[in-house]
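Coordinate analysis (summary)
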Amino acid sequence: MALNLRILTSNSTLTVLDVLIPAYEKTSGNKVSVSADSAKAMVAKIRAGESGDAIVLGTGAVKELAEAGIVVPASRRAFARAIVGVGVRSGTPHPDISSVDAFRASLLAAKSITHTVHGASGMYIPTLLEKLGIAGQMKAKTVTRPGGYIGKVVVAGEAEIALQQIPELMAVPGLDVVGPVPDAVQKTFETSAGLFAASKHAAAAQAMLDFFSDRAHATLFSSKGLEQAAKS
């Protein structure tokens, strides 16, 4: 008998799940629904009672939810890693981000930049601007949104440069990913997967996570701007 499974996740891993899930459904016969939101918003929804069978979210958040008894502690496993990138509207000049100094100068020269407020990388951008020593100068020309794919703001002409995790930038049609921010001011975001303690289909959900972790999918992860975590 086919089962209906539900995954709660954040936007950074949605694009790879959008490919993995149909493949899993084909091999298992089960059906899977997905609910995605910015990292902070999704954690708030889960703490407010939203649940499912499996979770793919920031490693720190999954750990906290496991400690709260919402996620099964023993089910936690690393899922993927992503870094912060720079995006501009297709057809426009690419800013120089080849060094910290060049990146700083490009941001200062830009008419506007944009990032999310509640997304994992969005919450890091104010720190990044502080590290670059330009937080005060960038404040008046920074456009923010609560969550979502921030590249859409750039494609719409509402900002010049988007700063977000690379898989989220890659998901936006009409946006060019210039590349990652320089290593000295880079941050790696790791996501983990796990099972909800309330799941009524734990065995099937575990098998689904096993399928996602198969190293045969490493190239798929890379194509979506992610590094697949080694299977534990």
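Scroll up to find the structure.
In what follows, the accompanying structure is described. Treat the numbers as computed from the prediction; the structure is a model and nothing was measured. Throughout, a residue's number is its position along its own chain's written sequence, starting from 1. Given that the model is predicted, a residue must reach a pLDDT of at least 70 before its local features are reported, and side-chain atom pairs must reach 80 or more before they are shown or counted; all residues, however, enter totals for whole chains, interfaces and linings. Based on all heavy atoms of the structure, the side-chain values leave hydrogens and waters out of the count.

**Focus on the side chain of Ser10**
Turning to its location among the elements, Ser10 is positioned in strand E1 (residues 4-10). We call a residue buried when its accessible area falls under 20% of the maximum for its residue type, exposed when it is over 50%, and partly exposed in between, using a 1.4 Å probe and counting protein chains only. On the basis of relative accessibility, which here comes to 6%, the residue Ser10 falls in the buried class. The residues contacting Ser10, other than those within four sequence positions of it, are Ala36, Asp37, Ala39, Val56 and Leu57. The numbering of helices and of strands both runs from the N terminus, where a helix is a DSSP run of H or I of at least 4 residues and a strand a run of E of at least 2. When checking whether two residues touch, look at their non-hydrogen atoms; a contact exists if any pair is within 4.5 Å.

**Some points on the environment of Ala207**
Structurally, the position occupied by Ala207 is in helix H9 (residues 202-212). Taking C-alpha positions, Ala207 is 9.2 Å from Ser28, a pair spaced 179 residues apart along the chain.

**Digging into helix H3 (residues 59-67)**
Along H3, the residues that are buried comprise Ala61, Val62, Leu65 and Ala66. For H3, the arc enclosing every buried residue in end-on projection is 140°, short of the 170-degree limit, so these residues lie on one face. Among the structural elements, helix H2 (39-47), strand E3 (54-58) and strand E9 (188-195) are those in contact with the buried residues of H3. Following H3 by one or two positions, Gly69 adopts a phi angle in the positive range, close to 85°. Comment: arc refers to directions from the helix axis out to C-beta atoms.

**Quick look at the side chain of Ser35**
Residue placement: Ser35 occurs in strand E2 (residues 31-37). On the basis of relative accessible area, Ser35 is assigned to the buried category, the value being 15%. Residue contacts for Ser35: discarding those within four places in its chain leaves Arg6, Ile7, Leu8, Thr9, Met42 and Glu50.

**Comments concerning the pairing of E1**
With respect to burial, E1 is a largely interior element, five of its seven residues being buried. For two strands to count as paired, DSSP must find a minimum of two bridges between them. In terms of strand pairing, E1 meets E2 through seven bridges, oriented parallel. Residue pairing across strands places Leu5 opposite Val32, the latter belonging to E2. Tracing the backbone out of E1, into helix H1 (residues 11-28) and back to the parallel element E2 gives a crossover that is right-handed. Alignment of E1 against E3, held across three bridges, turns out to be parallel. Directly across from Thr9, in E3, lies its bridge partner Val56. For a crossover, the right-handed case is the one in which the path from the first strand over the helix to the second runs clockwise, viewed with the strands pointing away from the viewer.

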